[in-house]
Amino acid sequence: MASSFGMCRLHLRGRGSLAKCLQRKVGTNAVAAPDEAAPGKHETEGLKSFYTVQEERREQAERSVLISCQSQTNEKKFLKYLTKHGDVKKCFFYESYGTYAVVEFASQDSIASLHDAAAIPSINHESMVPFKSRLLSVRSHGPVDPTSYQAGRLNQPQTTIPINDLIQRLSKQESIDQQIVSLTEAYQLTEENIRLRYLVCSLLKDIAAAYFPECTIRPFGSSVNGFGKLGCDLDMFLDLDSISGRNMKMPKAGLALEYQMKRANSERAVTQSILSVIGECVDQFGPGCVGVQKILNARCPLVRFAHQPSGFQCDLTANNRVAMKSTELLYLYGRLDQRVRHLVFTVRCWARTHAITSSIPGAWITNFSLTVMVVFFLQRRSTPVIPTLDQLRDLAGPADRSVIEGNDCTFVSDFNKIRLQSNTETPEQLLRGFFEFYGTFAFNRMSINIRKGKEQSKPEVAPLHIQNPFELSLNISKNVNATQLQRFVALCQESSWLLQQSDANASRGGNRAGHPTPWGLATLLLPSQAAAIKGRKQRKREPASERIKSLLDSLKNKNQQKMS
């Protein structure tokens, strides 16, 4: 259970850690830490690398099954039945198109035993695809035993709480620092949700292994970088690099064997053909996989589908190694200092509330772009909270070297090599600083660059330019238009003002319904708050949201006049 505990520390920190957060001495210096004790060394000591955590989670998932249960299944009797096949290390229930249980055994041999005991269902007038997966169903046979049902069993949440409930929760906190921590706790992925994500990847690997027995399917993006929100999509990467036989040294003389293989014109063509076949298998043979779309002509070809038993929307890609390095980099930043995660969760929640980001593709700022903007802001503090990518590259050893398609993706993976300096700003101070920083940022002239950790002149004409940290010629925010950027800047300025007003109106009480009055961070999450601010001396122009509303009202009036 060591791997489970390690991830619990990342995703399940409680309010008690706030004092430590405020007292920590953090920051960066691009100098490798010596072996002896050094200032700040204890902050990163014992932290596991990204790939160590991934491998432990993958092994955990290989020993797990997903079982569909009846709604009031008795947990004790359920576990008693399962222990006939081996020791159960972990079991939890959740709801998604029915009741499901995730069960982790101590040994993979238990899964083989479970498979031997499972029957292929027989249903009249229907035919079954006899694919034996680790997605199973448990049913009761014979007379119904009233004691076999259990009411009030704890089901693990798989989605975030409604925004109104979150606002009430935040309004009960005693400080903005506590509000920020509370928001993170409410939105972050739970231990159980993380296990489920790795298990879905493992189940999909079982399908792909029919063609590529040594393949691995790895989660990437928000699911594993430490910034995932309950309910976020599951991005997966079909990893074929681990297949044995690559780069094998051939003898200088004598006989040697090689596999005969199909050839294609390009690596992209190979990726498209592989995803096309895997997508067809998922569609035809994958239990619980529905709505399969093969989007093979995109810049990054993918297979998209919904996995009903988990409730996840899934994207499967291949040959997407740069995205894996981006995931690892964000994981490293989030583990270096917990304030990074607190600020990212807070800013992302604020952005979604005001429609700065969206789940629908378009001209909005993406979550990835917003996260990079938070990272850049933290690099730009007078005492940096986190290091630049170039500083992390300078600390890298030979094993860290990574060049993908000509792009230098090298950076240190060993936390013990990173020496931390002193930055004692509180989460509240950093949140205020974020809004002030981007409320006055020269977006018309400057580009955001986390590799250098400083502004640079824009290399192209675009409202918002954020350099891809690894593919340097790409702008990860190229989709953002001027209107959306102006809304972001206006809302940053308004949010900065709202936090100042929170200081001026420190007294708090409740309303007639007995609910606490929103204050501090909670006021930033009120959808109508930004549009309601008028007549401020600090700004001559109306808020962006108010101007949009006025424009829509004007168009509506014109249409009514034409109709009359």
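Here, the structure is the one placed above.
What to know about the overall build of the protein chain
Counting its secondary structure elements, the protein chain contains 18 helices and 13 strands. Burial statistics for the protein chain: of 564 residues in total, 49% are counted as buried. Sequence separation of at least 24 residues holds for 70% of the intrachain contacts in the protein chain that already meet a minimum separation of 6.

Some thoughts on helix H12 (residues 367-379)
An α-helical turn contains 3.6 residues, so a residue and the one three or four places further along point in the same direction. End to end, H12 covers 18 Å across 13 residues, agreeing with the expected 18 Å (1.5 Å per residue, within 8%). Every buried residue of H12 is accounted for by Ser369, Leu370, Thr371, Val372, Met373, Val374, Val375, Phe376, Phe377, Leu378 and Gln379.

Considerations on the packing of helix H7 (residues 176-187) against helix H11 (residues 338-353)
As a packed pair, H7 and H11 sit with axes 9 Å apart at the nearest point and diverge in direction by 80°. Considering their axes alone, H7 and H11 lie roughly perpendicular with respect to each other. Residue-level contacts link Ile180, Val181, Leu183, Thr184 and Tyr187 of H7 to Arg341, His342, Phe345, Thr346 and Cys349 of H11. Residue composition of the contact of H7 with H11, by class: six nonpolar, three polar and one charged.

Considerations on the sheet that holds strand S4 (residues 135-137)
As summarised here, the arrangement of the four strands in space is S2-S3-S1-S4, forming an open sheet in which the pairing is mixed. Both outer strands of the open sheet, strand S2 (88-95) and S4, are each paired with one neighbouring strand and no more. Here the strands of the sheet are splayed against their neighbours by 25° on average, with no regard to which way each runs. Note: S2 against strand S3 (residues 99-105), seven bridges, orientation antiparallel. Following the sheet pairing, Val88 is matched in S3 by Phe105.

What to know about the packing of helix H10 (residues 321-336) against H12
Remark: H10 packs on H12, axes separated minimally by 12 Å, with the N-to-C direction vectors making an angle of 45°. The angle between H10 and H12 places the two elements in the oblique class. Here H10 runs over H12; the crossing is left-handed. Residues Ser326, Leu330 and Tyr333 of H10 touch H12, and the partners they reach there are Phe368, Thr371, Val375 and Gln379. Looking at the contact of H10 with H12 residue by residue, the class counts come to four nonpolar, three polar and no charged.

Overview of the pattern of salt bridges
For the coordinates displayed, the defined rule picks out 26 salt bridges. In this structure, Glu267 engages Arg321 in a salt bridge whose closest nitrogen and oxygen atoms are separated by 3.8 Å. Taken together, the residues Glu267 in helix H9 (residues 267-285) and Arg321 in helix H10 connect sequence positions 54 residues apart. Between Glu455 and Arg380 there is a salt bridge, and its shortest N-O distance comes to 3.1 Å. Of this pair, Glu455 sits in the loop between strand S12 (446-447) and strand S13 (456-457) while Arg380 is found in the loop between H12 and helix H13 (389-394), placing the two residues 75 residues apart along the sequence.

What to know about unusual backbone geometry
Although it is not a glycine, Ala355 sits at a positive phi angle of roughly 60°. For Ala355, a relative accessible area of 37% puts it in the partly exposed group. Positioned with a positive phi, Glu405 is a non-glycine residue whose angle comes to about 50°. Inspection of the secondary structure puts Glu405 in the loop between strand S10 (403-404) and strand S11 (407-408).

Examining the nonpolar core
Judged by nonpolar contacts, the single largest core of 89 residues is most densely connected at Trp350, Leu378, Tyr438, Phe443 and Phe488. Take this core: its biggest share by element is nine residues, from H10. Within the second largest apolar cluster, 34 residues are counted, among which are Leu196, Leu238, Val303 and Ala318.

Considering the sheet that holds strand S6 (residues 234-239)
The five strands lie next to each other as S5-S6-S9-S8-S7, forming an open sheet whose pairing is mixed. Taken across any chain shown, the strands that pair with only one partner, and hence form the sheet edges, are strand S5 (216-220) and strand S7 (289-295). Going across the sheet, the axis of each strand differs from the next one's by a mean of 25°, ignoring polarity. Judged from the five bridges that link them, S7 and strand S8 (residues 302-307) form a sheet pairing that is antiparallel. Looking across to S8, one finds that Cys289 is bridged to His307. The sheet strands contacting H9 are S6, S7, S8 and strand S9 (312-318), and the helix crosses S7 at an angle near 165°.

Structural notes on the pairing of strand S1 (residues 64-69)
The buried count for S1 comes to six of six residues, which makes it a mostly enclosed element. Because side chains alternate across S1, one face comprises the buried residues Ser64, Leu66 and Ser68, and the other comprises Val65, Ile67 and Cys69, equally buried. With three bridges joining them, S1 and S4 adopt parallel strand pairing. The partner of Ser68 across the bridge, within S4, is Ser137.

Looking at the packing of aromatic side chains
For the coordinates displayed, the defined rule picks out 21 aromatic pairs. Where Tyr94 meets Tyr100, the ring centres are 5.9 Å apart and the plane angle is 20°; that geometry is what we call stacked. Grouping residues by exposure puts Tyr94 and Tyr100 together as buried. An aromatic cluster is built from Trp350, Phe376, Phe377, Phe434, Phe435, Phe437, Tyr438, Phe441, Phe443 and Phe488, whose rings are joined through pairwise contacts. Just above the ring of Phe312 sits the side chain of Arg197; from NZ or CZ to the centre is 4.3 Å.

Thresholds, definitions, all that
- By convention here, each chain's residues receive numbers from 1 onward along its written sequence.
- Residues qualify for local features only when their pLDDT is at least 70, as the model is predicted, and side-chain atom pairs are given and counted only at 80 or more; totals for whole chains, interfaces and linings, by contrast, use all residues.
- In computing side-chain values, all of the structure's heavy atoms are included and hydrogens and water are not.
- Starting at the N terminus, helices and strands are each numbered in turn, a helix being any DSSP run of H or I of at least four residues and a strand any DSSP run of E of at least two.
- Throughout, exposure labels follow a simple rule: accessible area from a 1.4 Å probe, protein chains only, divided by the maximum for the residue type, with under 20% read as buried, over 50% as exposed, and the rest as partly exposed.
- By definition, residues are in contact when any of their heavy atoms lie within 4.5 Å.
- One less than the number of residues in a helix, times 1.5 Å, gives the span that helix is expected to have.
- All axes here are fitted lines through C-alpha atoms, helices being fitted over the stretch that makes contact, and every angle between N-to-C directions spans 0 to 180 degrees.
- Note on terminology: angles under 35 degrees are roughly parallel, angles over 145 are roughly antiparallel, angles of 65 to 115 are roughly perpendicular, and the others are oblique.
- In this count, Pro and Cys sit with the nonpolar residues alongside Ala, Val, Leu, Ile, Met, Phe, Trp and Tyr, while Asp, Glu, Lys and Arg are called charged and the others, Gly among them, polar.
- DSSP calls a pair of strands paired once it identifies at least 2 bridges connecting them.
- By definition, turning the near helix anticlockwise from the far helix through less than a right angle yields a left-handed crossing, and turning it clockwise yields a right-handed one.
- By definition here, a salt bridge exists when the distance from a side-chain nitrogen of Lys or Arg to a carboxyl oxygen of Asp or Glu is within 4 Å.
- The set of buried Ala, Val, Leu, Ile, Met, Phe, Trp, Tyr and Cys residues whose side-chain atoms join them within 4.5 Å is what this entry labels a nonpolar core.
- Stacked, tilted and edge-to-face are the three classes assigned to paired rings of Phe, Tyr and Trp, where Trp is represented by its six-membered ring and a pair needs centres within 6.5 Å; plane angles under 30 degrees give stacked, over 60 edge-to-face, the rest tilted.
- The rule for a charge over a ring is simple: NZ of Lys or CZ of Arg within 6 Å of the ring centre, and within 35 degrees of the ring normal.

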